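Given next are the chains, with one letter for each unit.
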Amino acid sequence: MQQNNRSKLGVTICLIVLLTLALGACGNAGNNTQTNKETGTNDSSEQSKTVAMREYTDAAGNKMSIPVNPQRVVTTQYLDAMLALGVKPVGVGSHLLEGEYLKGKLTALLI
């Protein structure tokens, strides 16, 4: 009987330690003040800048917030429309680069 009590006590102590570690890790989520080594800026000061956002609802009904004036755009479709609007994406799906349709327009994109 004493062996069973020791076993329960060991399991209880392990659970308390794991719970303490999990809560401690979650508690630091709001303290994001790391310094960027390349620029020497503080990430929290960049996050404090207010960026105008707008709500977007996709065809499936999922709602998300996107910046009104995005600075970096990635596309998996509609590369031709983005190029026509003067948007130079920082990322493009590889299947969009394989076709002949945009062959002349892609040289400015790849530079």
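An unreviewed UniProt entry lists the protein under the name ABC-type Fe3+-hydroxamate transport system substrate-binding protein, with Paenibacillus brasilensis as the source organism.

Peer 1: Lay out the overall build of the protein with the relevant residues and their values.
Peer 2: If you tally the helices and strands in the protein, you get five helices and four strands. For the protein, the N- to C-terminal ordering of α and β elements is α-α-β-β-β-α-β-α-α. Across the 111 residues in the protein, those meeting the buried criterion constitute 9%. By sequence separation, contacts in the protein at least 24 residues apart represent 4% of the contacts at least 6 residues apart. Within the structure as shown, the protein displays about 9600 Å² of accessible surface, and the carbon and sulfur contribution to it stands at 58%.

Peer 1: How would you summarise the side chain of T75 if you had to cite specific residues and measurements?
Peer 2: Structurally, the position occupied by T75 is in strand β3 (residues 74-75). If we ignore the near neighbours within four places in the chain, the residues touching T75 are M82, P89, G91, V92, G93 and L96.

Peer 1: Now, about a nonpolar patch on the surface: what can you tell me, with residues and values included?
Peer 2: A cluster of nonpolar side chains, contributed by L9, V11, I13, L15, V17, L18 and L21, occupies part of the molecular surface with about 680 Å² of accessible area. One can find L15 in helix α1 (residues 2-27). Judged by relative accessible area, which is 54%, L15 ranks as exposed.

Peer 1: Please provide a residue-by-residue account of the pairing of strand β2 (residues 63-67), values included.
Peer 2: Relative to β2, strand β1 (residues 53-57) runs antiparallel, the two sharing five bridges. Opposite R54, over in β2, you have I66 as the bridge partner. From the end of β1 to the start of β2, which pair antiparallel, there are five residues, and G61 there has a positive phi angle of about 90°.

Peer 1: Residue-level account of the confidence of the model for the protein, with values.
Peer 2: Atomic detail in the predicted coordinates should be set aside for any region of low pLDDT. Overall, the predicted model of the protein reaches an average pLDDT of 75, with 72% of residues at or above 70. In the model of the protein, helix α2 (residues 43-47) stands out as the element of lowest mean pLDDT, 52, in contrast to β1, which has the highest, 93. Taken as a whole, residues 31-41 scores under 50 in pLDDT and shows 13 contacts with residues more than four places along the chain or in a different chain.

Peer 1: Could you give me a rundown of the environment of V51, with the residues and numbers involved?
Peer 2: Note on placement: V51 falls in the loop between α2 and β1. Distance in space between the C-alpha atoms of V51 and I66 is 9.6 Å, their sequence separation being 15 residues.

Peer 1: So what's going on with unusual backbone geometry? Residues and values would help.
Peer 2: Positive phi values are uncommon outside glycine, yet Y78 reaches one of about 60°. Along the polypeptide, Y78 turns up in the loop between β3 and α3 (79-84).

Basis of the calculations
- Residues numbered from 1 in each chain as written.
- Predicted model: local features only at pLDDT ≥ 70, side-chain atom pairs only at ≥ 80, totals over all residues.
- Heavy atoms only, no water.
- Helix = DSSP H or I, 4+ residues; strand = E, 2+ residues; numbered from the N terminus.
- Buried < 20%, exposed > 50% of the residue type's maximum accessible area, 1.4 Å probe, protein only.
- Contact = heavy atoms within 4.5 Å.
- Areas by Shrake-Rupley, 256 points an atom, 1.4 Å probe, with all protein chains shown as cover.
- Patch = residues over 30% accessible without salt bridge, like charges linked within 9 Å, V, L, I, M, F, W, Y side chains within 5 Å.
- Salt bridge = Lys/Arg side-chain N within 4 Å of Asp/Glu carboxyl O.
- Pairing = 2+ DSSP bridges.
- pLDDT = per-residue confidence, 0-100.

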